[in-house]
Amino acid sequence: MKLSRFGIKFTSRSGILSLMDDLGTAMSSGQEMLMLGGGNPGHIPEVERRFRGRMLRILEHPGEFERMIGNYAPPSGDLRFKTALAGLLRREFGWDVGAANVALTNGSQSAFFMLFNLFAGELDDGGARKILLPLTPEYIGYADIGLNEEFFVSARPAIELIDDHRFKYHVDFGAIGIGSDVGAICVSRPTNPTGNVLGDGEVEKLVELARSHDLPLIVDNAYGTPFPSIIFTDVRPVWTPNVVVCMSLSKLGLPGLRTGIVIADEPVIEALSGINAILNLATGNAGPILALDLVQSGEVLGLSRTVIRPYYEAKAARALEVLDEELAGYDYRVHKPEGAIFLWLWLRGLPITSEELYQRLKRRNVLVISGHYFFPGLRDAWKHRDECIRVTYSQDSETVERGLRIIAEEVRNAYQQPALAP
Ligand code: PLP
């Protein structure tokens, strides 16, 4: 098969593709695997009951089901949902937005593909622009999205050590330089993989930095407010015309319905609709219609704050308890969990790489993700990259707890027996 440059780029062994393959192979091995690697949200019975109830009402309501399955939505998505969401954002946060500031996409992953390639890549004049990630570690799903190589530029974070076994990353503003080759800045808040939430001061500085260079700041709010609210600190969400906020219905409990949301200045929304029309013709209806009444009534706020957030907050606390108990006496640190569905474990001075730890855990039927994948655009050698793993705590408590105890055992073994053959 003779492939184009696009074909070669998108079929080569990208980090995400080999991980998904590995995951699939592990799952079909016939052995029970403890899946602490993926990003699937938990199944929360109360949330599922709400969506089941809504689906039944859609089925009973004359014409509603037929609208859901039988009509193409406009390329920027279902108008009723966009209007309801803009209203919610105006009421909740005072953002000056209307339906024309909202575009729906088939999952926010596809929104990032469109946005990143809209702002970065090859230019008319032969030059090229990049996406600046001001803080790595950052979401693995960005890493292979660019249509050309060398798509990201990024910086190491500043590290704040907290107590004996916690730490927190901050943007190191002294380390990020914005050259003429930067096309947009992007951060996830809360951050996948670390559970970090950038402070209001940091975000204000980023907004100002972007504004002063006439660049968009893309804020990936897949876990943030107003929904699904998997955020355990009290921070202010920000939108201004140079900020592009990306949201998703996935972590609300609907990852199977592939609904992403972009809130941006109108020219950005128009550009996205144009690209979406070419790539997808239209956006799926199922997610927006299923979630419509929750957003219209504002009930999505209560559901997020009183059901979804406490569900994950309790899981994070329990996961920390288990790790602290199992790793007492070892030189480990966990990123302060401030949101999202992951613990980010830093094993300072680990005698093996995080990739080797991942392999050892896989042999014990526990899947995590090695931390080295999460530094797109970072070119300098940095040992820290090979000292971290991401562990998902969204699965059922028994699975998470068993998995964490095995992880801790392998970590203890690695510290004690560095030369042990695998
Ligand atoms: N952004 C972040 C930070 C994520 O963790 C994910 C998924 O895990 C996505 C974006 C993409 O989500 P989706 O395409 O399901 O909306």
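Residues numbered from 1 in each chain as written. Predicted model: local features only at pLDDT ≥ 70, side-chain atom pairs only at ≥ 80, totals over all residues. Heavy atoms only, no water.

(A) How the structure looks around the sheet that holds strand 13 (residues 342-347). Taken together, the six strands give an open sheet; going across it, the order is 6-7-12-13-16-15, and neighbouring strands pair in mixed fashion. At either end of the open sheet lies a strand with only one pairing partner, and these are strand 6 (158-162) and strand 15 (369-370). Pairing between strand 13 and strand 16 (residues 388-392): five bridges, direction antiparallel. Looking at the pairing, Leu343 lines up with Val391 of strand 16. (Pairing = 2+ DSSP bridges. Helix = DSSP H or I, 4+ residues; strand = E, 2+ residues; numbered from the N terminus.)

(B) Highlighting the packing of helix 11 (residues 354-363) against helix 12 (residues 397-416). Look at helix 11 against helix 12: their axes get within 10 Å of each other, and the N-to-C directions meet at 130 degrees. What the angle tells us is that helix 11 and helix 12 run oblique. In the packing of helix 11 onto helix 12, the handedness of the crossing is right-handed. Between helix 11, through Leu357, Arg360 and Leu361, and helix 12, the contact on the second element is made entirely by Ile406, Ile407, Glu410, Val411 and Ala414. Considering only residue class, the contact of helix 11 with helix 12 consists of six nonpolar, no polar and two charged. (Axes fitted to C-alpha atoms, helices over the stretch in contact; angles between N-to-C directions. Parallel < 35°, antiparallel > 145°, perpendicular 65-115°, else oblique. Left-handed = near helix turned anticlockwise from the far one by under 90°. Contact = heavy atoms within 4.5 Å. Nonpolar A, V, L, I, M, F, W, Y, C, P; charged D, E, K, R; others polar.)

(C) Quick peek at the site of the ligand. Near the ligand you find 13 residues, and of these Ser108, Asp220, Tyr223, Ser248 and Ser250 are the closest. The contact in question runs from a nitrogen atom of the ligand to an N or O atom on the side chain of Asp220, over 2.6 Å. Protein contacts shield 93% of the accessible area of the ligand, which totals 390 Å² for the unbound molecule. Element by element, the count of residues in the shell around the ligand is highest for helix 6 (residues 108-119), at three residues. In terms of residue class, the shell around the ligand is built from four nonpolar, six polar and three charged. (Near = heavy atom within 4 Å. Polar contact = N/O pair within 3.5 Å; in protein donor to acceptor, adjacent residues only side chain to side chain. Areas by Shrake-Rupley, 256 points an atom, 1.4 Å probe, with all protein chains shown as cover.)

(D) Local environment of the packing of aromatic side chains. In total, this model carries 17 aromatic pairs according to the counting rule given. Measuring from ring centre to ring centre gives 5.7 Å for Phe112 and Phe116, while their planes differ by 65 degrees; the resulting arrangement is edge-to-face. Of this pair, Phe112 and Phe116 both sit in helix 6, four residues apart, which is roughly one turn of the helix. Ring centres 5.0 Å apart and planes at 85 degrees place the aromatic pair Tyr139 and Tyr142 in the edge-to-face group. Joined through ring pairs, the aromatic side chains of Phe112, Phe116, Tyr139, Tyr142, Phe151 and Phe152 make up one cluster. Sitting over the face of the ring of Phe10, Lys9 holds its NZ or CZ atom 5.0 Å from the ring centroid. The lysine or arginine in question, Lys205, covers the ring of Phe173, its NZ or CZ lying 4.5 Å from the ring centre. (Phe/Tyr/Trp six-rings, centres within 6.5 Å; stacked < 30°, edge-to-face > 60°. Lys NZ or Arg CZ within 6 Å of the ring centre and 35° of its normal.)

(E) Examining the pairing of strand 12 (residues 332-335) more closely. Judged by which residues are buried, strand 12 turns out to be covered on both faces: Tyr332 and Val334 on one side and Arg333 and His335 on the other are all buried. Taken together, the two bridges between strand 7 (residues 166-170) and strand 12 define a ladder with parallel strand orientation. When the bridges of strand 12 are listed, Phe167 appears paired with His335. Hairpin geometry of strand 12 and strand 13 is characterised by an intervening segment of six residues between the two adjacent antiparallel strands and by a positive phi of about 65 degrees at Ala340. (Buried < 20%, exposed > 50% of the residue type's maximum accessible area, 1.4 Å probe, protein only.)

(F) Inspection of helix 11 at higher detail. Within the span of helix 11, buried status applies to Ser354, Leu357, Tyr358, Arg360 and Leu361. In a view along the axis of helix 11, the buried residues occupy a sector of 165 degrees, so they form one face of it. (Arc of directions from axis to C-beta.)

(G) Region of interest: the nonpolar core. By size, the foremost hydrophobic cluster in this structure holds 109 residues, and its most contacted members are Ile261 and Ile407. Element by element, the count of residues in this core is highest for helix 10 (residues 299-326), at 11 residues. In this structure Ile407 touches Leu36, Leu345, Leu361, Val366, Val368, Ile389 and Val391, once residues within four positions along its chain are discounted. In terms of nonpolar packing, the next biggest core, distinct from the first, is built from 24 residues, Leu115, Cys186, Val244 and Leu272 among them. (Core = buried A, V, L, I, M, F, W, Y, C linked by side-chain atoms within 4.5 Å.)

(H) Inspection of the side chain of Thr225 at higher detail. With respect to the helices, strands and loops of the structure, Thr225 is situated in the loop between strand 9 (217-220) and strand 10 (243-248). Those residues within four positions of Thr225 in sequence are excluded, and the remaining contacts are Phe93, Ile231, Pro237 and Met247.

(I) Quick peek at the side chain of Ser370. Along the chain, the position of Ser370 falls in strand 15. Classification of Ser370 by relative accessible area gives buried; the value is 1%. Looking at Ser370, its side chain comes within polar contact range of the side chain of Ser354, at 3.0 Å. Only 2.6 Å separates the side chain of Ser370 from the side chain of His372, close enough to count as a polar contact. Here Ser370 is in contact with Ser354, Glu355, Tyr358, Cys388 and Ile389, once residues within four sequence places are set aside.

(J) Main features of the pattern of salt bridges. In the structure shown here, the tally under the stated rule is 32 salt bridges. One salt bridge connects Glu64 with Arg80, and the closest N-O pair in it is separated by 3.2 Å. Within this pair, whereas Glu64 is found in helix 4 (residues 64-70), its partner Arg80 is found in helix 5 (residues 79-93), the two being separated by 16 residues in sequence. Look at Glu64 and you get buried, because its relative accessible area is 9%. The class of Arg80 is partly exposed, set by a relative accessible area of 31%. Here Glu387 and Lys383 are joined by a salt bridge, their closest N and O atoms 3.0 Å apart. Looking at Glu387, the relative accessible area reads 7%, which means it is buried. Salt bridges sharing partners connect three or more residues here, namely Arg54, Arg57, Glu64, Arg67, Asp78, Arg80 and Asp293. (Salt bridge = Lys/Arg side-chain N within 4 Å of Asp/Glu carboxyl O.)

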